[in-house]
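# Report on the structure
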Amino acid sequence: MPALRPLTLGQHQVWPPVVLAPMAGITNVGFRRLCREQGGGIYVCEMITTRALVERNPKTLRMITFGDDEKPRSLQLYGTDPEITAAAVRIVVERNLADHIDLNFGCPVPKVTRRGGGAALPWRRRLFARLVQAAVAAAAPAGVPVTVKMRKGIDDDHLTYVEAGLAAQDAGVAAVALHGRTAAQRYSGTADWDAIATLKQALDVPVLGNGDIWEADDALRMVAHTGVDGVVVGRGCLGRPWLFADLEAAFNGRPERRMPTLGEVAVTMRRHAELLVDQFVAGASNPARGERDGCTDFRKHVAWYLKGFPVGGELRRSLAMIESLAQLDDLLGKLDPTEPFPLTALGQPRGRTNSPGKVFLPEGWLASRDDDAVPEGAEMDDSGG
């Protein structure tokens, strides 16, 4: 494996060179803190839409929350209009909302691509270049680095990643991250690490690889295979925030890997729920309501934490319906703390594993690559994906 250096994003040196991918409904301030307690890296908040930020949408402004010790503060923006994107970036830098901005060109969901956004937008190469240039120019006076995250393209017949990577580099981005799947693949099949290697060979700026990093050793294999400067981790950490401890050990050349007992997993689950409750209580006028909301937000994580463990269906269902920390404590006490980590769960996909599907696009989207008109109705007024 090539010797790695800290990932450089503007004035920020990131070690290990690991990025937590923004995930809607997941990477809020509580989850990011839980992951940061495990190991180093850069932890990106949930996706923020440029229009919602410019319009001062209350929900969006609440989502832009970082811990006092969270450095660098990393924010992902989704936009399709260069002028609105520039305005959003100016708000970020003028109000000191973040230290790093990532631009989303990787989202494959139909409600985004059918408007020409996310993974569909790089096909319109002139619009893509204008948008990235606008963001970089708006961030430059404050020295805030801008990066882009993208997919290989719309499908195997409409690949854009090398051309888009070069355009982003020319625009002045600090790094480019590539998820080695097309929009049509969604989260199915296997990620194309050869494509990530091709992009790394084509660019001078740092390239980050994303896709199928389920274990720390997968990250080392990706670096050895592709030569990338760092990795982006998404679904692999769901229910396994200790993956970031393993990644830190791996990139520092240490062999230890965490395989917690069910009792240790229960301690992590309790810590996660506690952090979410703290987050929601801080934003609520009624502490009891904040605790309930935090516990409700935690429910989606239960199945991921218990994946592979022999825990009965009734107890799983009860844990996924908690409304208070006291209720959670009672139920966690019913788990067998000595149960070893299920080795069968290692290296297995987590989270979304949907099938390939048609990519919905605006009418006539593929007809012209040089049309730089902003897609009608593409700007979204709600953040988080």
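Just so you know, these numbers come straight off a predicted model, no measurement behind them. (Residues numbered from 1 in each chain as written. Predicted model: local features only at pLDDT ≥ 70, side-chain atom pairs only at ≥ 80, totals over all residues. Heavy atoms only, no water.)

## Considerations on the domain arrangement of the protein
Entries for the protein in the domain assignment read domain 1 (7-252) and domain 2 (262-342). A C-alpha centroid distance of 29 Å is found between domain 1 and domain 2. Counting the surface lost from both domain 1 and domain 2, the interface buries some 1,200 Å², and carbon and sulfur atoms represent 68% of this. For domain 1, the biggest contributors to the area lost against domain 2 are Leu34, Gly239 and Trp242; these three give 34% of the whole. Remark: the boundary between domain 1 and domain 2 carries one salt bridge. When the shortest N-O distance is used, the salt bridge between Glu37 and Arg271 registers 2.5 Å. (Domains from an automatic or database assignment. Buried area = accessible area lost by both parts, 1.4 Å probe. Salt bridge = Lys/Arg side-chain N within 4 Å of Asp/Glu carboxyl O.)

## Side note on the side chain of Thr160
Counting through the fold element by element, Thr160 comes out in the loop between β8 (146-151) and α7 (161-171). Look at Thr160 and you get buried, because its relative accessible area is 4%. Contacts of Thr160, omitting those with residues within four sequence positions, involve Pro122, Trp123, Lys152, Gly153 and Arg369. (Helix = DSSP H or I, 4+ residues; strand = E, 2+ residues; numbered from the N terminus. Buried < 20%, exposed > 50% of the residue type's maximum accessible area, 1.4 Å probe, protein only. Contact = heavy atoms within 4.5 Å.)

## Observations regarding the UniProt feature "binding site: FMN" (unreviewed entry) in the protein
The positions that UniProt labels "binding site: FMN" (unreviewed entry) are, in the present scheme, Pro22, Met23, Ala24, Gln76, Lys149, His179, Gly234 and Arg235. Set against the largest cavity, the annotated residues that line it come down to Pro22 and Lys149. A polar contact of 2.8 Å, which involves the side chain of Gln76, links it to the side chain of Asp102. With respect to the helices and strands, the residue Gly234 is situated in the loop between β11 (230-233) and α10 (243-251). Assessed through its relative accessible area of 12%, Gly234 is described here as buried. (UniProt positions renumbered as here; feature names shortened; annotations may be inferred. 1 Å grid on protein atoms, 1.4 Å probe; cavity = no way out; pocket = protein on both sides within 12 Å on 5 of 7 lines; lining within 4 Å. Polar contact = N/O pair within 3.5 Å; in protein donor to acceptor, adjacent residues only side chain to side chain.)

## Notes on the state of the cysteines
Under the defined criterion, the tally for this structure stands at zero disulfides. The cysteine Cys45 is free of any disulfide, with Cys35 supplying the nearest cysteine sulfur at 14 Å. With no disulfide partner, Cys237 has as its closest neighbouring cysteine sulfur the one in Cys35, 5.0 Å distant. A residue is classified by how much of its surface remains accessible, and Cys237, at 0% relative accessible area, is buried. (Disulfide = S-S within 2.5 Å.)

## Some thoughts on the nonpolar core
A general feature of soluble globular proteins is that nonpolar side chains tend to end up buried together. Counting 71 residues, the largest nonpolar core has Leu103 and Val132 as its most contacted members. Here the element with the most residues in this core is helix α6 (residues 125-139); it accounts for nine residues. Contacts of Leu103, omitting those with residues within four sequence positions, involve Gln76, Leu77, Thr85, Leu131, Val132, Ala135, Val146, Thr147, Val148 and Lys149. Core analysis: the next-biggest nonpolar cluster, separate from the first, contains 26 residues, Leu34, Trp242, Leu275 and Tyr305 among them. (Core = buried A, V, L, I, M, F, W, Y, C linked by side-chain atoms within 4.5 Å.)

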